[in-house]
Amino acid sequence: MDTANSVPPWDLDPKIDQPMEEEAGSLENMYPEKEFSSLLVLRLAFQSLGVVYGDLGTSPLYVFYNTFPEGIKDPEDVVGALSLIIYSLTLIPLIKYVFIVLRANDNGQGGTFALCSLLYRHAKVNTIPNQHPTDEQLTTYSRHIIHEKSFAATTKRWLEATSIRKNLLLILVLTGTCMVIGDGILTPAISVLSAVGGIGVDHPKMSGDVVVVVSAVILVGLFSMQHYGTDRVGWLFAPIVLLWFLLIGGIGAFNIWKYDSSVLRAFSPIYIYRYFKRGGWSTLGGIMLSITGTEALFADLAHFPLSAVRLAFTMIVFPCLLLAYIGQAAYIVQNQDHVIDAFYRSIPESIYWPVFIVATGSAIIASQATISAAFSIIKQALALGCFPRVKVVHTSKIILGQIYIPDISWILMLLCVAVTVGFRNQSQIGNAYGTAVVTVMLVTTFLTILVMLLVWQTHWIQVVIFAVLSLIVECNFFSAVILKVDKGGWVPLAIAVVFFVIMYVWHYGRAKRYEVESHSKISMSWILGLGPSLGLVRVPGIGLVYTELASGVPHIFSHLITNLPAIHSVVILVCVKHLPVYTVPEEERFLVKRIGPKEFHMFRCVARYGYMDIRKKDDDFEKKLFENLFLFVRLESMMGVCSDSEEYNLYGQQIVRSGDSQLNDNRNMIISLNVDTTIASSGDDGGIIPAKSSDLVGQTSHETELDELEYLKICRNAGVAHILGNTILRAGSDAKFIKKISIDYIYAFLKRISRDNSVSENFHVPHERLLSVGQTFLV
C-alpha cells in the first residue's frame, strides 16, 4: 500500500472522538446485508436444505412413537395430536421464527449471541465495560435513536440500573448457548438411531446391539466430514434432503388418499381442546419433537442469507412436513398397533428400501444443522469473551459464517457416541432432546422480547401478543418435558452445567482481568516525568506492547521499563478489541493515536474486530498496523497538531489524558517478570538486518533532522518486537471459597490449555521476536 497515494480511511472530522449526541445513534444499518442475485439465492436455498433443515425434516421418524409410547387408546387421540402438531409447526417455526425471530438477526448473524450483540449496542449492559465512543462510528454499528420518553428508554434504564440485571442477561444468553451445544450432541444421536432402527421393521429378529454399533459408526463418519466445510457438505447433502422432503410429502399425500382423509379435520383447533380434556397434556413431550431443529434454524442463519432460508422453508419444508404428519396420522388411525414404527410401515412396499436409504442419509444430514449451529454460536461466544480460545477454520470465501472448529467437533463426536451407546433407546434420548430444544426456544423468546422493546421499539401491544402466543406454547412444552428429567431429561442439563461453568468462569476471569488492569493503569504525568528517553536507553527498533486496555497506559508498561535497562526507540501500545458487531470493515479496523509529546515516539493502536471476523496471520496484521501508523503521522504532520501531554487520534483531535490514577504501591499485588527471548531485526524483505546502535543512539539531536515518517521506517527496519502481557489472577486470602475455586483452579486451568495462553499461536509471532511480561494480581 502506497500511503502517499492512499485515500484516508477516516474523514478528518474534529468531533469524531467526542461523546456522541443522541442523534448520532441513528445509524440505520449503514452496512446492509450483502445483495445476492436471484440465481444465487436459489442456489443457497437449495444448499440450506442440507445444512439447516435436516433436523426439522427428520422429525417424522420418531414423533408419533414418542407421543404414544404405550399405544393408542382412542383414534380421536391421533387427530388431537395431529392438530397440536399442525398448530405447533405453524406458530413456532413459521410465524415465530421465519417471520419474526429471523428479523432479529445481526446483519445476517443468528443465535443467542447475535441477539445479545444487538442489546449491547443499544444499552450499556456489557459486563466488560470496554466501550468507547469511537466504536459507535463504525458503519456496522447499526443502532436506532432512543427518545428519552419512549418505552425503549425506560427498558434501557431498567437494564442498566443494576449489575444484577446485566449478569442475569449474561446468564440467560449462556444458558441458551449451552443448550444449543447440547442440542448438537443429542440431535445426531436420536436422528441416526431412529433411522437405522428401520432395519428392524424388515428384520424383526435383528439384535438391538447391531443398530447401536451401526449408528455409532455412522456418527463417527459424520463428524469426520466436518473439516470439508459447510459449503461442500451442503452441496453433498442438499440433493438427499430435497429428495427426502419430496418423498415424505408424496408418501403423506398417498396415505391420506389411501387410508383416511377424515384426519384433515385436525385443522380445526377444537380437537386440541378435546385432546387435552382426555389427558393429552402428558404426551406434549413427544409432540414437541415435531418442532425440534427450529432452534438451529436461527443459529444457522450465519451460514446462509435470510432470503434463502425463508424461501426454502415456505416453499419446500413446511408443506412437505404437513403432508408427512397428516399422512402418518391417516395410516395410524387405520393401523393403531403400528404406532411404534408408523413411519416405515406407512411406506408403500415397492419403494420401502429406497426410502429407507434416503431416510438414513437424511438422518445423518439432520445432525449437520445442530453441529453447524454449535460452531456458529461458539465462534460468537469466543469473540465476545465468553469461551476459551479455540482454533476456528473459515471454510468459505463467500459466506463469512461458514466455519469449522476442530476441537469442538471431536468433543461433540465423543459425547454423541457416548449418549447413543449409553441410552440405546430413542425414547429416553427424545426426552433429553426435548428438554434442550424447549429451553433454547424460551431463551430466544425472552431475548427477542427485549430486542422488540429496545431495538425495534415495537408497540407494547404487539410485544404482548408475541410474548403470549410464544410463551403459552413453549411453557406448556417445558412443563411436560421437565417432568421427564429422570427419564433422560437430565442429560442436556448435565451437559449444559459443564459448559455453563466453563463459559461463565472464563467470562468472569476476563472481566476481573480487565478490571484490575484498568484500575492499575498509570498516569500520563508519571510518563512525562521520565522525559523523552523514559529514563532508559532507547535502543533501535519498534516495540509492540499488547494490552487489554483501549485507553490509558497499562501497568505492564511501567513494570517493563522498571525491570529492563532499555526500551525501543518507538513504542506502540496495541489493543486487539472485539466489538458486539458481526464484522468491522477492513478500512475501519485500526484506530491510531499518539501518546504524549512527539519526541516520546509513543503511540496507541486499537485493532477492532467483529465476532465473525477472520484473524489474519501476524505478517498481514503487522503490515496493516504500520500502514495506518504511517498514514496517521502524515495526516498529523499536515495538520500541524501536537502537544506535550495529550493523546491524539488520527483526526488530530485531543481526546483524553492517558489515565487518571497515579502509580502506587499495591501491597496486594505480586509482580513477576519472565523474559525468554532474543529480539532479532528483520527487514521488509524478510531478511535479517543487523541494527547499528550508532544509527539511533543519541537520537535527540538526530530526530530533529529526520522526518518522523522516515524515522519510523528506519526503526521498523531495525526490528520489531512483540511484547505480550501475561496477567495472572489469584484469589486473595480473604476471598470466598467459590471465588478461589473459580479463579485459582477453573480459570487458571482454562487459560493454561486454551490458545489464549499460547501467544505465539494467537498472534503468529516467532519466538525469537516475542517478549513475555508476567504480572500476578490478587483479586
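Conventions we followed
Residues numbered from 1 in each chain as written. Predicted model: local features only at pLDDT ≥ 70, side-chain atom pairs only at ≥ 80, totals over all residues. Heavy atoms only, no water. Core = buried A, V, L, I, M, F, W, Y, C linked by side-chain atoms within 4.5 Å. Buried < 20%, exposed > 50% of the residue type's maximum accessible area, 1.4 Å probe, protein only. Contact = heavy atoms within 4.5 Å. Helix = DSSP H or I, 4+ residues; strand = E, 2+ residues; numbered from the N terminus. Patch = residues over 30% accessible without salt bridge, like charges linked within 9 Å, V, L, I, M, F, W, Y side chains within 5 Å. Areas by Shrake-Rupley, 256 points an atom, 1.4 Å probe, with all protein chains shown as cover. Salt bridge = Lys/Arg side-chain N within 4 Å of Asp/Glu carboxyl O. Disulfide = S-S within 2.5 Å. Axes fitted to C-alpha atoms, helices over the stretch in contact; angles between N-to-C directions. Parallel < 35°, antiparallel > 145°, perpendicular 65-115°, else oblique. Left-handed = near helix turned anticlockwise from the far one by under 90°. Nonpolar A, V, L, I, M, F, W, Y, C, P; charged D, E, K, R; others polar. Polar contact = N/O pair within 3.5 Å; in protein donor to acceptor, adjacent residues only side chain to side chain. Phe/Tyr/Trp six-rings, centres within 6.5 Å; stacked < 30°, edge-to-face > 60°. Lys NZ or Arg CZ within 6 Å of the ring centre and 35° of its normal.

**Points about the nonpolar core**
Then step 1. Tyr 53, Leu 61, Phe 113, Phe 245, Tyr 344 and Phe 387 are the most contacted members of the largest nonpolar core, which totals 168 residues.
Then step 2. Setting aside residues up to four positions removed in sequence, Leu 61 forms contacts with Ser 191, Ser 194, Ala 195, Trp 244, Phe 343, Tyr 344, Ala 359 and Ala 363.
Then step 3. The next biggest cluster of nonpolar side chains, apart from the first, holds 26 residues, and it includes Tyr 546, Phe 590, Phe 621 and Leu 712.

**Looking at the side chain of Thr 547**
Then step 1. Here Thr 547 shows up in the loop between strand S3 (537–546) and helix H22 (555–563).
Then step 2. Residue Thr 547 is classed as buried on the basis of its relative accessible area, which comes to 11%.
Then step 3. Leaving out residues up to four positions away in the same chain, Thr 547 has contacts with Glu 517, Pro 554, Leu 573, Val 574, Cys 575 and Val 576.

**Here we look at a nonpolar patch on the surface**
Then step 1. On the surface, Trp 460, Ile 461, Val 464, Ile 465, Val 468, Leu 469 and Ile 472 cluster together to form a nonpolar patch covering roughly 650 Å² of accessible area.
Then step 2. One can find Ile 465 in helix H19 (residues 460–481).
Then step 3. On the accessibility criterion, Ile 465 (48% relative accessible area) is partly exposed.

**Things to note about the state of the cysteines**
Then step 1. Under the counting rule described, the total for this entry stands at zero disulfides.
Then step 2. Looking at Cys 605, it has no disulfide partner, and the nearest cysteine sulfur is the one in Cys 575, 9.3 Å off.
Then step 3. By relative accessible area, which is 2% here, Cys 605 ends up buried.

**Here we look at the packing of helix H7 (residues 163–196) against helix H20 (residues 490–519)**
Then step 1. Where H7 meets H20, the axes come as close as 8 Å, and the angle between the chain directions of the two elements is 135 degrees. Classified by the interaxial angle, the pair formed by H7 and H20 is oblique. Of the two possible hands of crossing, H7 and H20 adopt the one that is right-handed. Along its contact with H7, which presents Asn 167, Leu 170, Ile 171, Leu 174, Thr 175, Thr 177, Cys 178, Met 179, Ile 181, Gly 182, Ile 185 and Leu 186, the element H20 presents Val 491, Pro 492, Leu 493, Ile 495, Ala 496, Phe 499, Phe 500, Met 503, Tyr 504 and His 507.
Then step 2. The residue makeup of the contact of H7 with H20, split by class, is 17 nonpolar, five polar and no charged.

**Quick look at the side chain of Arg 608**
Then step 1. Considering the arrangement of structural elements, one finds Arg 608 in strand S6 (residues 602–609).
Then step 2. Taking relative accessible area as the criterion, Arg 608 reaches 2% and is therefore assigned buried.
Then step 3. Among the polar contacts made by the side chain of Arg 608, one reaches the main-chain carbonyl oxygen of Glu 588 at a distance of 2.8 Å.

**Points about helix H26 (residues 708–718)**
Then step 1. Turning to H26, its buried residues number three or more, namely Glu 708, Leu 709, Tyr 711, Leu 712, Cys 715, Arg 716 and Ala 718.
Then step 2. Here H26 starts with a cap whose side-chain oxygen sits 3.0 Å from the backbone nitrogen of Leu 709, and that cap is Asp 707.
Then step 3. Positive backbone phi, at 140 degrees, marks Gly 719, one or two positions downstream of H26.

**Description of the packing of aromatic side chains**
Then step 1. One pass over the structure, following the stated rule, counts 16 aromatic pairs.
Then step 2. Taking the centre distance of 5.9 Å and the plane angle of 45 degrees together, the rings of Phe 254 and Trp 257 count as tilted. With Phe 254 and Trp 257 both in helix H10 (residues 230–258) and three residues apart, the pair spans about one turn of that helix.
Then step 3. Phe 254 gets classed as partly exposed once you look at its relative accessible area, which sits at 32%.
Then step 4. On the numbers, 6.1 Å between centres and 85 degrees between planes, the contact of Phe 603 with Phe 632 is edge-to-face. Of this pair, Phe 603 sits in strand S6 while Phe 632 sits in helix H23 (residues 618–639), and the two are 29 residues apart along the sequence. Comparing Phe 603 with Phe 632 shows no difference in burial state: the two are buried.
Then step 5. Residue placement shows Arg 103 over the ring face of Trp 456; its charged tip is 4.2 Å from the ring centre.

**Digging into the environment of Cys 320**
Then step 1. Here Cys 320 shows up in helix H14 (residues 306–334).
Then step 2. Exposure remark for Cys 320: the relative accessible area of 10% places this residue in the buried category.
Then step 3. Separated by 75 residues in sequence, Cys 320 and Phe 245 have C-alpha atoms that sit 5.8 Å apart.
Then step 4. When near neighbours in sequence (up to four residues on either side) are disregarded, Cys 320 contacts Phe 245, Leu 246, Ile 248 and Gly 249.

**Focus: the pattern of salt bridges**
Then step 1. Taken as a whole, this structure holds 10 salt bridges when the rule is applied.
Then step 2. Between Arg 278 and Asp 77 there is a salt bridge, with the nearest N and O atoms lying 2.8 Å from each other. Of this pair, Arg 278 sits in the loop between helix H11 (270–277) and helix H12 (284–287) while Asp 77 sits in helix H4 (residues 75–98); the two residues are 201 residues apart in sequence, bridging distant segments of the chain.
Then step 3. Across the pair Glu 708 and Lys 598 runs a salt bridge whose closest N-O atoms are separated by 3.9 Å.

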